[in-house]
Amino acid sequence: MPRNPRRQSQRRRLPPRPTYSGAPQIEQPAAHISRSDARPLRYVERESPLLAAELLRVAGVTATCFGLLALLTIIDRLQ
(Lines give C-alpha, C1' and ligand atoms only; values in the text may rest on other atoms or scores of the structure.)
Protein backbone atom coordinates (compact mmCIF):
# COMPACT_ATOMS: atom_id res chain seq x y z
CA MET A 1 0.00 0.00 0.00
CA PRO A 2 1.47 3.37 -0.96
CA ARG A 3 2.25 5.82 1.79
CA ASN A 4 0.77 8.77 -0.05
CA PRO A 5 -2.95 8.08 -0.67
CA ARG A 6 -3.18 10.93 -3.20
CA ARG A 7 -5.17 10.13 -6.30
CA GLN A 8 -3.24 10.26 -9.52
CA SER A 9 -6.29 11.18 -11.56
CA GLN A 10 -6.21 14.78 -10.31
CA ARG A 11 -4.84 17.08 -12.99
CA ARG A 12 -3.61 20.60 -12.84
CA ARG A 13 -5.94 23.02 -14.57
CA LEU A 14 -4.67 25.16 -17.42
CA PRO A 15 -4.95 28.95 -17.16
CA PRO A 16 -7.90 30.54 -18.98
CA ARG A 17 -7.48 31.56 -22.59
CA PRO A 18 -6.69 35.20 -23.23
CA THR A 19 -9.73 37.24 -24.21
CA TYR A 20 -8.17 40.58 -25.04
CA SER A 21 -8.43 41.95 -28.57
CA GLY A 22 -4.80 41.16 -29.43
CA ALA A 23 -5.11 37.46 -28.66
CA PRO A 24 -4.14 35.17 -31.54
CA GLN A 25 -7.06 33.61 -33.33
CA ILE A 26 -7.31 29.83 -33.42
CA GLU A 27 -8.30 28.54 -36.82
CA GLN A 28 -11.19 26.09 -36.87
CA PRO A 29 -10.86 23.05 -39.12
CA ALA A 30 -13.01 23.00 -42.23
CA ALA A 31 -16.46 21.61 -41.54
CA HIS A 32 -17.00 18.57 -43.70
CA ILE A 33 -19.03 15.46 -42.99
CA SER A 34 -16.96 12.33 -43.03
CA ARG A 35 -18.31 8.88 -43.74
CA SER A 36 -18.30 7.96 -40.06
CA ASP A 37 -20.19 11.15 -39.17
CA ALA A 38 -22.91 10.41 -41.72
CA ARG A 39 -23.44 6.88 -40.40
CA PRO A 40 -25.92 7.87 -37.64
CA LEU A 41 -27.91 9.97 -40.12
CA ARG A 42 -28.26 7.02 -42.48
CA TYR A 43 -29.29 4.80 -39.57
CA VAL A 44 -32.03 7.22 -38.53
CA GLU A 45 -33.28 7.52 -42.11
CA ARG A 46 -33.37 3.74 -42.45
CA GLU A 47 -35.08 3.06 -39.11
CA SER A 48 -37.64 5.92 -39.13
CA PRO A 49 -40.41 4.07 -41.02
CA LEU A 50 -40.01 1.07 -38.74
CA LEU A 51 -40.17 3.25 -35.66
CA ALA A 52 -43.31 5.00 -36.88
CA ALA A 53 -44.99 1.64 -37.59
CA GLU A 54 -43.99 0.36 -34.15
CA LEU A 55 -45.40 3.45 -32.44
CA LEU A 56 -48.68 3.01 -34.33
CA ARG A 57 -48.81 -0.63 -33.24
CA VAL A 58 -48.21 0.29 -29.61
CA ALA A 59 -50.88 3.00 -29.80
CA GLY A 60 -53.34 0.46 -31.26
CA VAL A 61 -52.65 -2.11 -28.55
CA THR A 62 -52.98 0.57 -25.86
CA ALA A 63 -56.29 1.79 -27.30
CA THR A 64 -57.58 -1.80 -27.46
CA CYS A 65 -56.62 -2.41 -23.83
CA PHE A 66 -58.35 0.75 -22.63
CA GLY A 67 -61.40 -0.08 -24.76
CA LEU A 68 -61.67 -3.56 -23.25
CA LEU A 69 -61.19 -2.13 -19.77
CA ALA A 70 -64.03 0.35 -20.38
CA LEU A 71 -66.24 -2.42 -21.76
CA LEU A 72 -65.59 -4.66 -18.75
CA THR A 73 -66.32 -1.74 -16.42
CA ILE A 74 -69.65 -1.09 -18.14
CA ILE A 75 -70.60 -4.79 -18.05
CA ASP A 76 -69.67 -4.96 -14.34
CA ARG A 77 -71.83 -1.91 -13.53
CA LEU A 78 -74.84 -3.39 -15.38
CA GLN A 79 -74.80 -6.59 -13.36
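Everything discussed here concerns the structure shown above.
In short, a report on the structure.

What counts as what
- Residues numbered from 1 in each chain as written.
- Predicted model: local features only at pLDDT ≥ 70, side-chain atom pairs only at ≥ 80, totals over all residues.
- Heavy atoms only, no water.
- Helix = DSSP H or I, 4+ residues; strand = E, 2+ residues; numbered from the N terminus.
- Buried < 20%, exposed > 50% of the residue type's maximum accessible area, 1.4 Å probe, protein only.
- Areas by Shrake-Rupley, 256 points an atom, 1.4 Å probe, with all protein chains shown as cover.
- Patch = residues over 30% accessible without salt bridge, like charges linked within 9 Å, V, L, I, M, F, W, Y side chains within 5 Å.
- Salt bridge = Lys/Arg side-chain N within 4 Å of Asp/Glu carboxyl O.

What the protein chain contains, in helices and strands, is 1 helix and 0 strands. The buried share of the protein chain, taken over its 79 residues, is 3%. With the model as given, the accessible surface of the protein chain reaches about 8,800 Å², and the carbon-plus-sulfur share is 60%.

Another point: a nonpolar patch on the surface. A contiguous nonpolar patch, built from L68, L71, L72 and I75 and spanning about 380 Å² of accessible area, is present on the exposed surface. Since its relative accessible area comes to 57%, L72 is described here as exposed.

Turning our eyes to something else, we now look at the pattern of salt bridges. Inspection of every chain in the model, using the stated rule, returns 2 salt bridges. In this structure, R46 and E47 form a salt bridge, with 3.8 Å as the shortest nitrogen-oxygen distance. A relative accessible area of 55% places R46 in the exposed class. The partner of R57 in a salt bridge is E54, with the nearest N and O atoms 2.7 Å apart. With R57 and E54 both in helix α1 (residues 35–78) and 3 residues apart, the pair spans about one turn of that helix. Its relative accessible area of 48% is what places R57 among the partly exposed residues.

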